[in-house]
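Chain residues, written in single-letter form:
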Amino acid sequence: MADRLATVAPPGEGTDAVGWHALEVDAAVAQLVSDRDLGLSAEEVGRRRALHGPNELGQDEPPSRLSILLRQFASPLITILLVAAVVTLAIGEYLDTGVIVAVLVLNAVVGFFQEHKADRSVRALLELAAPRSRVVRGGAEQDVDSRELVPGDVVLLESGTRVPADLRLTAARTLQIDESLFTGESLPASKRITPTAPATVPADRTCMAHMGTVVTSGRGRGLVVATGSGTELGRIAHQIRGAEQPESPLTRRMHRFANLVAAVVLASAALTFVVGLAVGEPAAQIFLTAVALAVAVVPEGLPVALTIALALGVRRMAQRNAIIRSLPAVETLGSTNTIGSDKTGTLTQNRMTVQHIWVPDVLHPHPPEQPPSEQVRLALLAGVLTNEAELLGWDGDEPLTRGDPTEAALLVAAARSGIEPVTARQASPVVAEVPFEPELRYSSCIRWHDGGLGMFVKGAPERVLELSATMRGPDGDVPLDAERVLEAAGALAAQGLRVLAMGFRPVRGPVDRHDPPHPDGLVFLGLVGMLDPPRPGVRDAIEGCKRAGLRILMITGDHAATARAVGYDLGLVDDPDAEVVTGVQLDAMTAEELRARVLTVQLFARVSPAHKLRIVEALRDHGEVVAVTGDGVNDGPALKAAHIGVAMGRSGTDVAREAGDMVLADDNFVSIYHAVEQGRVVFDNIRKVTYFLLSTGVASIAAILYALAVGLPLPFLPAQLLWLNVVTNGLQDVALAFEPGEKGVLDRAPRRHDEPVVSRLLWERTLFTGTTMAVGALLLFWLTLQSGAPVERARTAALTTLVIAMAFHVYNARSERQSLFRMSPLGNRFLLVATLGAVAIHVAAMHWGPTQLVLRIEPLDQRTWLRMLPVAATVVVVSELHKKLRAERPASTRDRRPGA
């Protein structure tokens with residue numbers, strides 16, 4: 001028996017490994033060798049504890065802080081910067097060394113803190129474990145530490161109890177459990193002890209209670225069938241650990257870019273050294289020049305500018321209620337082309353609301369446009385008087401309620417129709433009640449009403465119809481037309497509404513409050529249809545996402561009919577009968593079949609955590625950049641496996657928040673839409689900075705190589721190249737990161753997952769503009785030499801030409817497509833200040849003794865300035881011509897499918 005119990009629920013497999021939900025109670029008791037009334041003996045508990053271990057979730061050893069820190073230096077670009085720091089230190093360029101070291105430290109610190117939080121998603125699961133449990137052992141009730149529970153223990157449940165392990169229920173009286181952290185449903189699940197079919201998904205296993213869920217009402221007891229890692233919660237923890245964290249698009253692009261830069265830097269430095277030696281330059285001088293050129297070409301300002309661009313994106317997103325927990329997630333949002341959204345609380349308000357009231361034979365919208373008829377008032381009154389919820393008050397137009405969401409919705413509907421629940425209840429004191437039971441499928445209440453006793457009934461339409469003899473028409477009671485009622489109920493259900501029926505009859509004679517009369521011979525009053533309504537603005541946000549080329553999927557634990565109705569109402573699907581794939585269907589699909597279906601199906605319902613994870617992985621297999629929303633424990637694996645996990649801040653669990661990369665402070669899908677916009681702006685700014693820095697590097701390389709090739713002296717000394725890098729790049733590249741974003745950023749299709757940081761068009765423009773600036777600098781260098789000036793002044797003229805040209809060129813970089821003349825120079829005030837500051841610093845250095853000595857520069861005369869300014873401005877002409885002649889229309893959402 002010990003061997004059999006040891007394999008009841010292996011870690012990571014969850015409680016469906018044996019199929020406890022499909023067993024009768026007696027069979028489950030026999031399988032566990034326990035007693036449903038007496039529980040286990042103390043000796044047996046000790047033996048099983050030694051066999052199974054403590055009832056807690058296992059946790060992997062987290063990576064050491066040192067290993068996390070060392071990983072931050074694995075990037076090729078960082079390696080280049082490390083070499084550059086050593087070389088600049090060796091040649092005495094301490095200012096450049098300091099800048100490079102500051103960049104390295106900033107990058108390492110940011111990356112360290114991002115990775116240090118990686119395993120907290122699993123640790124957050126520990127918070128869901130109940131600290132104490134009420135059990136029956138040896139026939140006596142005991143209060144024990146939940147860690148001490150073992151399979152076969154009998155656990156007692158009551159309202160407010162957090163379920164301490166996975167239980168096969170053996171008794172349930174009006175037992176309802178909030179399972180939203182697993183299923184995403186806003187309504188508590190009614191529990192009973194009858195088994196369910198073997199293929200039933202966890203959300204529909206009504207005879208099971210799972211670890212971490214909370215009892216909202218009623219009482220029950222259950223046999224522990226799995227503890228710790230063997231529970232459904234443990235399986236989710238196992239899936240979170242095993243979920244492959246995808247590399248962010250930005251990280252992937254920057255790795256490719258860094259490898260390319262490394263190759264260009266090494267080739268340029270080697271070519272410069274070889275050409276210099278070939279034309280007779282001193283070996284020591286040309287070596288220093290090659291090294292300085294390599295340092296100047298490396299865009300060491302890029303990590304700083306990238307971090308600032310991402311940090312600005314974080315701040316802007318926070319202003320739109322999107323809290324970013326991982327910097328790369330900012331840009332990932334801009335690359336996203338598929339969003340898998342939860343329904344409850346994200347697309348909807350997570351609050352049941354009455355939408356329609358049907359009374360024979362009229363369907364009334366709610367809230368009504370005029371005072372309700374007597375028929376409607378009586379139906380609403382029945383919903384108030386057969387009700388245990390409370391309407392506590394109002395926060396503006398928002399109701400404050402307590403109790404079951406469905407019953408609270410009935411109170412709010414009555415209040416909005418002019419029936420004050422508290423007043424109505426006081427006017428009709430209760431005499432006897434029959435609470436809702438799953439077996440009964442109704443609840444009833446006998447109250448004083450209109451000078452006598454009346455029985456009010458609320459329940460499933462079919463059940464209330466069975467108990468009814470007549471129905472209330474506009475002119476009084478008429479014969480019951482069950483077919484007509486069922487047709488109306490079906491029409492409401494087809495809209496995804498939860499439908500309740502109301503009934504009433506007078507009660508004669510004394511009433512035993514402990515044994516109230518059976519509710520037969522009722523007058524059927526009407527039907528109430530309710531749902532969790534969409535959030536304001538979500539439909540418009542979904543339309544905006546469609547225009548932006550994003551595909552939205554609904555992945556919910558709720559029922560298929562509800563998913564279809566909400567999806568159609570929000571515009572996710574255009575067909576009211578759109579296909580919905582359920583968890584049961586997903587189980588029957590192979591990986592290949594699922595990969596094919598995820599491209600055509602947009603609605604997934606009744607899914608488990610494993611299903612959601614499979615959907616995300618299938619989308620990733622197609623190269624989609626996937627964002628997934630979630631708020632429950634069940635969402636943890638998918639949140640981690642997605643490129644960006646979006647957790648709910650208000651309603652979400654700690655597990656979801658720790659597994660996610662972004663937290664929505666308002667739980668609103670609209671905030672995702674705005675965050676995607678900012679993500680695209682951030683990527684655009686990173687691209688602008690990179691293009692600007694590359695242009696500087698190309699100008700430096702081209703100028704030196706061309707000068708060596710035609711026999712001119714070196715136009716720049718090593719210190720001057722480093723100065724150019726610090727002054728021009730050090731201020732303006734950072735300022736470019738502050739660009740507010742161009743109009744129409746959401747009218748473009750999402751970027752391809754393999755699209756590089758610098759597009760082919762920008763590489764082409766980089767060569768043109770870089771060469772233009774190099775030619776301009778060499779022209780001033782040659783003209784100054786021809787005038788008889790010393791080489792020091794000619795080098796100053798060449799260096800200053802590049803400084804001024806870059807001041808013009810940084811405005812070219814503000815837009816990949818739009819003319820700089822169509823953009824206000826005040827659109828980025830920080831850039832204007834940085835550009836003027838860079839030029840001012842350089843001019844001051846030309847007139848200050850210490851910098852004149854170090855850089856070997858000197859003031860320029862007016863004639864040189866007059867020549868230099870128009871030459872430097874030619875970079876604007878070249879850039880504008882290239883934008884006009886090589887205008888590349890951005891791919892619209894009609895040009896390509898997201899992810900293609």
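Residues numbered from 1 in each chain as written. Predicted model: local features only at pLDDT ≥ 70, side-chain atom pairs only at ≥ 80, totals over all residues. Heavy atoms only, no water.

### A short note on the overall build of the chain
Inference 1: In terms of regular secondary structure, the chain is built from 32 helices and 26 strands.
Inference 2: With 900 residues in all, the chain has 57% of them scored as buried.
Inference 3: Entry remark: accessible area of the chain is about 36100 Å², with carbon and sulfur atoms responsible for 57%. (Helix = DSSP H or I, 4+ residues; strand = E, 2+ residues; numbered from the N terminus. Buried < 20%, exposed > 50% of the residue type's maximum accessible area, 1.4 Å probe, protein only. Areas by Shrake-Rupley, 256 points an atom, 1.4 Å probe, with all protein chains shown as cover.)

### Quick look at the pattern of salt bridges
Inference 1: This structure, assessed with the given rule, holds 34 salt bridges.
Inference 2: A salt bridge links Arg132 to Asp143; the nearest nitrogen and oxygen atoms lie 3.2 Å apart. One end of the pair, Arg132, is in strand 1 (residues 132-137); the other, Asp143, is in strand 2 (residues 140-145), with 11 residues separating them in the sequence.
Inference 3: Residue Asp143 is classed as partly exposed on the basis of its relative accessible area, which comes to 44%.
Inference 4: A salt bridge links Asp520 to Arg505; its shortest N-O distance comes to 3.9 Å. Here the residue Asp520 occupies a position in the loop between strand 19 (498-507) and strand 20 (522-531), and Arg505 occupies one in strand 19, the gap between them amounting to 15 residues.
Inference 5: According to the relative accessible area criterion, Arg505 is buried, its value standing at 15%. (Salt bridge = Lys/Arg side-chain N within 4 Å of Asp/Glu carboxyl O.)

### What to know about the packing of aromatic side chains
Inference 1: By the definition in use, this model includes two aromatic pairs.
Inference 2: Look at Phe738 and Phe830: their rings are 4.6 Å apart centre to centre, the planes differ by 55 degrees, and that puts the pair in the tilted class. Taken together, the residues span a long stretch of sequence, with Phe738 in the loop between helix 27 (718-736) and helix 28 (760-786) and Phe830 in helix 30 (residues 829-847) at a distance of 92 residues.
Inference 3: Using a relative accessible area of 28% as the deciding quantity, one classes Phe738 as partly exposed. (Phe/Tyr/Trp six-rings, centres within 6.5 Å; stacked < 30°, edge-to-face > 60°.)

### A few points about a negative patch on the surface
Inference 1: Taken together, Asp540, Glu543, Asp574, Asp575 and Asp577 make up a surface patch of like negative charges.
Inference 2: Considering the arrangement of structural elements, one finds Asp577 in the loop between helix 20 (560-570) and strand 22 (581-582).
Inference 3: Among the residues examined, Asp577 registers a relative accessible area of 63% and is labelled exposed. (Patch = residues over 30% accessible without salt bridge, like charges linked within 9 Å, V, L, I, M, F, W, Y side chains within 5 Å. Lys, Arg positive; Asp, Glu negative; His and termini not counted. Charge placed at Lys NZ, Arg CZ, Asp CG, Glu CD.)

### Some points on helix 2 (residues 25-32)
Inference 1: Buried residues of helix 2: Val25, Ala28, Val29 and Leu32, and no others. For helix 2, the buried positions fall inside an angular range of 100 degrees around the axis, keeping them on one side. Across helix 2 from its buried face, at more than 90 degrees, point the exposed residues Asp26 and Ala30.
Inference 2: Val33 lies just past helix 2 and shows a positive phi near 50 degrees. (Arc of directions from axis to C-beta.)

### A short note on the sheet that holds strand 26 (residues 662-664)
Inference 1: The eight strands lie next to each other as 8-26-25-24-9-21-23-22, forming an open sheet whose pairing is mixed. Each edge of the sheet is formed by a strand with only one pairing partner; in this case those strands are strand 8 (322-324) and strand 22.
Inference 2: Across three bridges, the pairing between strand 8 and strand 26 is antiparallel. When the bridges of strand 26 are listed, Ile323 appears paired with Val663.
Inference 3: In this fold helix 20 packs onto strand 21 (551-555), strand 22 and strand 23 (603-605), with an angle of close to 150 degrees to the strand it touches most, strand 23. (Pairing = 2+ DSSP bridges. Contact = heavy atoms within 4.5 Å. Axes fitted to C-alpha atoms, helices over the stretch in contact; angles between N-to-C directions.)

### Examining the packing of helix 14 (residues 374-385) against helix 15 (residues 405-416)
Inference 1: Taken N-terminus to C-terminus, the directions of helix 14 and helix 15 make an angle of 135 degrees; their axes are 9 Å apart at the nearest point. Between helix 14 and helix 15, the angle falls in the class oblique. Note on packing geometry: the crossing formed by helix 14 with helix 15 is left-handed. Across the interface between the two elements, Leu380, Gly383 and Val384 of helix 14 pack against Leu410, Leu411, Ala413 and Ala414 of helix 15.
Inference 2: For the contact of helix 14 with helix 15, the residue count by class is six nonpolar, one polar and no charged. (Parallel < 35°, antiparallel > 145°, perpendicular 65-115°, else oblique. Left-handed = near helix turned anticlockwise from the far one by under 90°. Nonpolar A, V, L, I, M, F, W, Y, C, P; charged D, E, K, R; others polar.)

### Some remarks on a nonpolar patch on the surface
Inference 1: Taken together, the side chains of Val101, Val105 and Val109 define a hydrophobic patch exposed on the protein surface, amounting to about 220 Å² of accessible area.
Inference 2: Here Val109 lies in helix 6 (residues 94-116).

### Remarks on the environment of Pro303
Inference 1: Note on placement: Pro303 falls in helix 12 (residues 301-319).
Inference 2: Look at Pro303 and you get buried, because its relative accessible area is 9%.
Inference 3: With 199 residues separating them in the primary sequence, Pro303 and Leu104 have C-alpha atoms 8.3 Å apart.

### Examining the confidence of the model for the chain
Inference 1: Here the chain shows a mean pLDDT of 84. Residues at 70 or above account for 87%.
Inference 2: Ignoring residues within four places in sequence, the model shows residues 117-129, a span with pLDDT below 50, making 37 contacts including any to other chains.
Inference 3: Scored below 50 in pLDDT, residues 891-900 shows 31 contacts in the model against residues more than four places distant or in partner chains. (pLDDT = per-residue confidence, 0-100.)

### Section: the pairing of strand 20
Inference 1: In terms of residue burial, strand 20 counts as a mostly covered element, since 10 of its 10 residues are buried.
Inference 2: Direction of pairing for strand 10 (residues 353-359) relative to strand 20: antiparallel, over a ladder of five bridges. Bridging across to strand 20, His356 finds its partner in Gly529.
Inference 3: Direction of pairing for strand 17 (residues 468-473) relative to strand 20: parallel, over a ladder of three bridges. By the bridge assignment, Ser468 is partnered in strand 20 with Leu522.

### Quick word on the nonpolar core
Inference 1: If you look at the biggest cluster of nonpolar residues, it comprises 111 residues, and the most contacted ones within it are Met662, Phe669 and Phe716.
Inference 2: In terms of residues, this core owes the most to one element, helix 26 (residues 669-710), which gives 19 residues.
Inference 3: Beyond its immediate sequence surroundings of up to four residues, Phe669 is in contact with Ile339, Ser341, Thr346, Leu347, Val538, Ala541, Ile542, Cys545 and Ile552. (Core = buried A, V, L, I, M, F, W, Y, C linked by side-chain atoms within 4.5 Å.)

### Structural notes on the environment of Trp848
Inference 1: On the secondary structure map, Trp848 appears in the loop between helix 30 and helix 31 (849-855).
Inference 2: For Trp848 and Pro859, which are 11 residues apart along the polypeptide, the C-alpha to C-alpha distance reads 9.4 Å.

### Considering the environment of Gln602
Inference 1: Assignment of secondary structure puts Gln602 in the loop between helix 22 (591-597) and strand 23.
Inference 2: Of the residues examined, Gln602 reaches a relative accessible area of 22% and is grouped as partly exposed.
Inference 3: In this structure the C-alpha to C-alpha distance between Gln602 and Ile552, which are 50 residues apart in sequence, comes to 6.9 Å.
Inference 4: When residues no more than four places from it in sequence are discounted, the contact partners of Gln602 are Arg551, Ile552, Leu553, Met554, Leu572 and Val573.
Inference 5: Of note is the side chain of Gln602, whose polar atom sits 3.0 Å from the backbone oxygen of Ile552. (Polar contact = N/O pair within 3.5 Å; in protein donor to acceptor, adjacent residues only side chain to side chain.)

### Here's the deal with the side chain of Arg463
Inference 1: With respect to the helices and strands, the residue Arg463 is situated in helix 17 (residues 461-466).
Inference 2: Judged by relative accessible area, Arg463 falls into the buried class, the value being 18%.
Inference 3: A polar atom in the side chain of Arg463 sits 2.9 Å from the side chain of Glu466.
Inference 4: Excluding residues that lie within four positions of it along the chain, Arg463 makes contacts with Leu440, Arg441, Tyr442 and His518.

### A closer look at unusual backbone geometry
Inference 1: Cis geometry is found at the peptide bond from Pro360 to Asp361, where omega equals 0 degrees.
Inference 2: Mapped onto the fold, Asp361 is located in the loop between strand 10 and strand 11 (362-365).
Inference 3: In this structure, the amide linkage connecting His366 to the following residue, Pro367, adopts the cis form with an omega of 5 degrees.
Inference 4: Along the chain, Pro367 turns up in the loop between strand 11 and helix 14.
Inference 5: Phi is positive for Asp667, which is not a glycine, with a value near 55 degrees.
Inference 6: Relative to the elements of secondary structure, Asp667 occurs in the loop between strand 26 and helix 26.

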